[in-house]
Amino acid sequence: AGKKYGGRSKLPDNLKQLFRSVAMSKPDVENIAEVIMYAEGFVHAKSIAKKLVTVFQLCNQLLSPQQHYDWGLRAMKTIL
């Protein structure tokens with residue numbers, strides 16, 4: 001669920017205490033694409049992965065921000 005998801009509600013403090021805090025980081029999309037392509041038998045996976053990630057980043061930045069456009073890792077994995 002994204003930032004615009006309206007179904008979120010704040011947890012009460014007594015319930016928050018039952019959960020641990022976690023830290024999350026952004027996945028290395030280029031490395032993931034490279035590994036997937038090497039696993040599929042691509043010889044030049046490193047250079048292709050770099051170009052593919054660049055294309056996805058440019059699409060995300062330059063195309064209109066419509067809700068149905070998805071330029072994330074899930075869409076990239078679908079293409080690979």
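Residues numbered from 1 in each chain as written. Predicted model: local features only at pLDDT ≥ 70, side-chain atom pairs only at ≥ 80, totals over all residues. Heavy atoms only, no water.

(A) View of the confidence of the model for the protein. Summary statistics for the protein give a mean pLDDT of 86 and a share of 91% for residues scoring 70 or more. Looking across the protein, the model is least confident in helix α1 (residues 13–16), with a mean pLDDT of 86, and most confident in helix α2 (residues 29–40), with 94. (pLDDT = per-residue confidence, 0-100. Helix = DSSP H or I, 4+ residues; strand = E, 2+ residues; numbered from the N terminus.)

(B) Focus on the packing of aromatic side chains. Applying the stated rule across the entire model yields two aromatic pairs. The interplanar angle of 80 degrees and the centroid separation of 5.6 Å between the aromatic rings of F56 and W71 together place this pair among those described as edge-to-face. Of the two residues, F56 sits in helix α3 (residues 45–62) while W71 sits in the loop between α3 and α4 (73–79), which places them 15 residues apart along the sequence. Residue F56 is classed as buried on the basis of its relative accessible area of 6%. An angle of 55 degrees between the planes, with centres 6.2 Å apart, marks the rings of Y69 and W71 as tilted. Ring pairing ties together the aromatic residues F56, Y69 and W71, which thus form one cluster. (Phe/Tyr/Trp six-rings, centres within 6.5 Å; stacked < 30°, edge-to-face > 60°. Buried < 20%, exposed > 50% of the residue type's maximum accessible area, 1.4 Å probe, protein only.)

(C) Expanded view of the environment of I36. Position of I36 relative to the elements: it lies in helix α2. Each C-alpha atom of the pair I36 and K51 lies 15 Å from the other, and the pair is 15 residues apart in sequence. In contact with I36, other than residues within four places in its own chain, are K77 and L80. (Contact = heavy atoms within 4.5 Å.)

(D) Layout of α3. The end-to-end C-alpha separation of α3 is 25 Å, in line with the 26 Å expected for 18 residues at 1.5 Å each. Here α3 has its buried residues at A45, A49, L52, V53 and F56. Buried residues along α3 cover an arc of 100 degrees about the axis, so they all sit on one side. Facing away from the buried surface of α3 by more than 90 degrees, the exposed residues are K50, K51, Q61 and L62. At its buried positions, α3 is contacted by α2 and α4. (Expected span 1.5 Å × (residues − 1). Arc of directions from axis to C-beta.)

(E) Focus on the nonpolar core. In this structure, A33, M37, A45, A49, L52, V53, F56, A75 and M76 together form the largest nonpolar core, which totals nine residues. Of all the elements in the fold, those that place two or more residues in this core are α2, α3 and α4. The element contributing the most residues to this core is α3, with five residues. (Core = buried A, V, L, I, M, F, W, Y, C linked by side-chain atoms within 4.5 Å.)

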